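Next come the chains, spelled out residue by residue.
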2 protein chains.
Amino acid sequence: MIAWQLRDKRVLVVGGGDVASGRIGHVLAAGAEVTVVSPRAGLHPATKQHIDASDRITYHDRTFVAADLDGADMVLTAIDDVAVSRAIAAQCRALRIPVNVADDPPCCDFYFGSQIRQGPLQIMISTNGRGPKLANIIRRRIEESLPRGAGEAIEKVGRLREKLKERAPGVGGDVSRRRMRWMVDLCTAWEMDELALLSEEQMERMLDEGWEKDSVLSPEALGVGS
Amino acid sequence: MIAWQLRDKRVLVVGGGDVASGRIGHVLAAGAEVTVVSPRAGLHPATKQHIDASDRITYHDRTFVAADLDGADMVLTAIDDVAVSRAIAAQCRALRIPVNVADDPPCCDFYFGSQIRQGPLQIMISTNGRGPKLANIIRRRIEESLPRGAGEAIEKVGRLREKLKERAPGVGGDVSRRRMRWMVDLCTAWEMDELALLSEEQMERMLDEGWEKDSVLSPEALGVGS
């Protein structure tokens, strides 16, 4: 399993019913540009609401035509006609466009799973299409067990990593490895709720007094959380 | 974020060092067909071991050439030369082949994140490349909090769903919705460690005496776990 980023990807949704509306909400939240193809008569109220509310949806009031695939990075079908769904999936395969056919796991190149999002932290629970309801139950348990401030900690660590890359630039090779090691030392020594509290100024001190001397300062030394 | 299935996909790995060896292990475990391109002198011992041990790896003892992209479903680069990495990424984009460039998040169409696997249950923790170490820490916490028998429960529920589809076939429409509702009722009424214990025979009884009468039997009624 790999995590695919949908930001600015062009996603075609064939269908406008209940299931389609959920998919549309999902890919919109992930930052995709969405095209919806479905006769207006078949639109679920939630789908109508998405179409009315978002300027990142292009809507066509008709059934699917092959030209809809032009420029699509990804295709989702959620229509009741199995033969049509599978024909669209076959066209996508031929064009190497990843496709998901609702309620037909063997026809899918990818799955949505159940997700948790906390800022840059994303957790996906997938059952390969086998147990969507169980995935939801597991998602709730995981939500309850997440360390406090996890999303914020990742945000701060990402910011610190950017600053470090400006100070010690270069991708690959020794500098890359040294940066990686230092970041690992920091993340191991600090608790997540401490990392979450790091200020810009404390990051700079951490680089000046830590990185430059090949060591990691403690939260206490930086006055974090006090 | 979506979960991408790598089973039988053709994955090209450019590079053979430490990072490449980790990637190779990851995509092999996910069932991919792997091609590794890297001069033998640069192979990490772990990469050598993968190449020797797996019949799903094709190895080329040389640097990357454009023709390596022919037929690739996905490309991973893990080499120290940034200019070459980025040139490969650009070629992949032009050919619409998803690419991941190690240690260069903005150049990636997807990320690996940190993963948990229990049979059909897959959990991915992604920080959009911002905090790989924190992703690992969060992974360990999640592992500790997973309900007992989660993977097995998903396996059994998937099996029951297949049986149900044989009994009440059809994709889309009313029958699809009725099946979905019944499965949700079941997964809500039963605990995960109970679902994990379902036998084939109990599944059949569940369908005969539950589905056919539009109800869900309790674990006690089926004698599960007793």
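Okay, so let's go over this structure. The numbers attached to residues start from 1 for each chain and follow its sequence in the written order. The naming scheme follows written order: chains are lettered A onward, ligands numbered 1 onward. Given that this is a predicted model, residues contribute local features only at a pLDDT of at least 70 and side-chain atom pairs are listed and counted only at 80 or more, while totals for whole chains, interfaces and linings are drawn from all residues. Heavy atoms from the whole structure form the basis of all side-chain values; hydrogens and water molecules are not counted.

## Some thoughts on the overall build of chain A
Argument step 1. Secondary structure assignment for chain A yields nine helices and nine strands.
Argument step 2. Since a compact globule built from 226 residues should have a radius of gyration of about 17 Å, the 23 Å found for chain A marks it as more spread out than a globular shape.
Argument step 3. Judged by the C-alpha coordinates and their principal axes, chain A covers about 65 × 35 × 35 Å.
Argument step 4. Buried means the residue's accessible area, taken with a 1.4 Å probe over protein chains only, is under 20% of the maximum for its type, while exposed means over 50%, and partly exposed covers the values in between. Looking at chain A residue by residue over its 226 residues, the buried ones come to 50%.
Argument step 5. By definition, residues are in contact when any of their heavy atoms lie within 4.5 Å. Sequence-distant contacts, at least 24 apart, represent 55% of the contacts inside chain A between residues at least 6 apart.
Argument step 6. Asp and Glu are treated as the negative residues and Lys and Arg as the positive ones, with His and the ends of the chain left uncounted. Charged groups are reduced to one reference atom each: NZ for lysine, CZ for arginine, CG for aspartic acid, CD for glutamic acid. Of the charged side chains in chain A, 30 are positive and 33 negative; the average position of the first set lies 3 Å away from that of the second. Each helix is a run of DSSP H or I of at least 4 residues and each strand a run of E of at least 2, with the numbering of both proceeding from the N terminus. For this measure, only C-alpha atoms enter the radius of gyration; the expected value for a globule follows 2.2 Å times N^0.38, where N is the number of residues.

## Thoughts on the nonpolar core
Argument step 1. In this text, buried Ala, Val, Leu, Ile, Met, Phe, Trp, Tyr and Cys residues form a nonpolar core when linked through side-chain atoms within 4.5 Å. In terms of nonpolar packing, the biggest core is built from 66 residues, with A:Ile123, A:Ile138, B:Ile123 and B:Ile138 touching the most fellow members.
Argument step 2. Look past the residues within four positions of A:Ile123 in its chain and what remains in contact with it is A:Ser114, A:Gln115, A:Ile116, A:Ile142, A:Leu146, B:Met1, B:Ile123, B:Met124, B:Ile125, B:Ile138 and B:Ile142.
Argument step 3. By size, the runner-up hydrophobic cluster in this structure holds 46 residues, among which are A:Val27, A:Ile51, B:Val36 and B:Ile57.

## Comments concerning the interface of chain B and chain A
Argument step 1. Facing 69 residues of chain B, the contacting portion of chain A comprises 69 residues.
Argument step 2. Three residues stand out in chain B for area buried against chain A, namely B:Met1, B:Ile2 and B:Trp4, and they jointly supply 14% of the buried area on that side.
Argument step 3. For salt bridges, the criterion is a side-chain nitrogen of Lys or Arg within 4 Å of an Asp or Glu carboxyl oxygen. Here chain B and chain A share seven salt bridges between them.
Argument step 4. The partner of B:Asp109 in a salt bridge is A:Lys9, and the shortest N-O contact between them spans 3.5 Å. We define buried area as the total accessible area lost by two parts upon association, computed with a 1.4 Å probe and summed across both.

## Some details on the pairing of strand β4 (residues 57-60) of chain A
Residue and element names in this part refer to chain A.
Argument step 1. Here β4 shows a buried face lined by Ile57 and Tyr59 and an unburied face lined by Thr58 and His60.
Argument step 2. One requirement defines pairing of two strands: DSSP has to find at least two bridges between them. Bridging between strand β3 (residues 33-37) and β4 involves four bridges; their strand directions are parallel. Looking at the pairing, Val36 lines up with Tyr59 of β4.
Argument step 3. If the strands point away from the viewer and the path from the first strand over the helix to the second runs clockwise, then the crossover is right-handed. The β-α-β motif built from β3, the intervening helix α2 (residues 45-53) and the parallel element β4 has right-handed crossover chirality.

## Remarks on the environment of A:Leu217
All names here are of chain A.
Argument step 1. Topologically, Leu217 is positioned in the loop between α8 (200-210) and α9 (219-222).
Argument step 2. Exposure remark for Leu217: the relative accessible area of 15% places this residue in the buried category.
Argument step 3. Separated by 31 residues in sequence, Leu217 and Leu186 have C-alpha atoms that sit 8.1 Å apart.

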